[in-house]
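Here are the chains, one letter per residue:
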Amino acid sequence: MRKTIEVDGLRAGYLTAGDRGPMVLLLHGTYWSRVWRPVLGDLAAAGLRPVAVDLPGLGRSEGELTPETATVPALAAWVARFAAALGADVPLAVAGHDIGGAVAQHLLVGDALKVRRLALVNSVTYDSWPVPGVARFRDPAVVAATTVEDVLAARRTAVTTALARPATEAELADYLDPWTDARVCRSWMALAGAADSRYTLDLVPALRADETPKLLVWGEDDTFQEVRHAERFTAEMPNTTLVRIPGAGHIPMENDPAGVAGALANFFLS
């Protein structure tokens, strides 16, 4: 079910399922809330209330990101305001995918939002990001020369690779639909341009000292965020468990929704 709520005077879109149980806030990165859709029903059936938000200017949310508002700290502050607008009980359970995982890590060790449990799903960590296809948007000349059609073509390639399985044209069109809007394309390029590994590297000392329970759920065949990064994080960060999803790519929710949802539900309800 798709809903909206006002944050900073603009509508923020989010996907949810169920209306009871502990809330779990689900954060996306260079995609949008669509990545979480395959697991929402199973999470709700397990007794959770999943909320997959579209970051401002992305997916179905209003607004437009700039290089300043697209940084990880700025997005973490916005997510805290979104949670407050929902009336979410804190401390809150949070899961992050891709760059959304950087935002989730920032929330864990920052003071904008109290986090009781953290899950990372094929997330950026350490200096594992940005990948070249994202990093090139740091160049203003590249941004100025990039059209909506260029973004759609690039995202089509990225989504096709991330799915790690055959996809129908209808499915790809569903994933790509938000980027047919020039405003969303500009927001996405701002997010890409603001991507900087210092936002996760700077968190490492605090994460090493943090005893909050953490779960990593990882598609083993991910070529964007390789499982070796998850293995390192698990070895170095206290109270961290790694669940591998065999045969899954960068969006394991699409390859094994039951496996991902089961791991998340067991973790957040324990």
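Residues numbered from 1 in each chain as written. Predicted model: local features only at pLDDT ≥ 70, side-chain atom pairs only at ≥ 80, totals over all residues. Heavy atoms only, no water.

A few words now on the packing of helix 6 (residues 148-163) against helix 8 (residues 182-194). Contact geometry for helix 6 and helix 8: axes closest at 10 Å, N-to-C directions at 65°. For the pair helix 6 and helix 8, the sense of crossing is left-handed. Mapping the contact onto sequence places Val148, Val151 and Arg155 in helix 6 and Ala182, Cys185, Trp188 and Met189 in helix 8. Partitioning the contact of helix 6 with helix 8 into residue classes produces six nonpolar, no polar and one charged. (Axes fitted to C-alpha atoms, helices over the stretch in contact; angles between N-to-C directions. Helix = DSSP H or I, 4+ residues; strand = E, 2+ residues; numbered from the N terminus. Left-handed = near helix turned anticlockwise from the far one by under 90°. Contact = heavy atoms within 4.5 Å. Nonpolar A, V, L, I, M, F, W, Y, C, P; charged D, E, K, R; others polar.)

Ordered by their spatial adjacency, eight strands build an open sheet running 1-2-4-3-5-6-7-8, and the pairing between neighbours is mixed. Looking at strand neighbours, the two that pair on one side only are strand 1 (2-7) and strand 8 (240-245), the edges of this open sheet. Geometrically, the sheet is characterised by an average inter-axis angle of 25° between neighbouring strands, direction not taken into account. In this sheet, strand 4 (residues 49-53) lies alongside strand 3 (residues 23-27) in parallel orientation, the contact comprising five bridges. Along strand 4, the bridge assignment pairs Leu26 with Ala52. Each of strand 1, strand 2 (10-16), strand 3, strand 4 and strand 5 (92-98) is contacted by helix 2 (residues 72-86), which is oriented at about 105° to strand 1, the strand it contacts most. (Pairing = 2+ DSSP bridges.)

What follows deals with the layout of surface pockets. Space inside the largest pocket adds up to approximately 290 Å³. Residue lining of the largest pocket: 20 residues in total, with Val131, Gly133, Val134, Arg155 and Phe224 positioned closest to the centre. Looking at the lining of the largest pocket, the elements that each hand over two or more residues are helix 4 (132-135) and helix 6. (1 Å grid on protein atoms, 1.4 Å probe; cavity = no way out; pocket = protein on both sides within 12 Å on 5 of 7 lines; lining within 4 Å. Points joined across faces, edges and corners; volume = space filled by probe spheres on them.)

What follows covers the pairing of strand 1. Inspection of the sheet shows strand 1 paired to strand 2 by six bridges, in the antiparallel sense. For Val7, the partnering residue across the bridge sits in strand 2 and is Leu10. Counting the residues that bridge the hairpin from strand 1 to strand 2 gives two residues, and of these Asp8 lies at a positive phi of roughly 55°.

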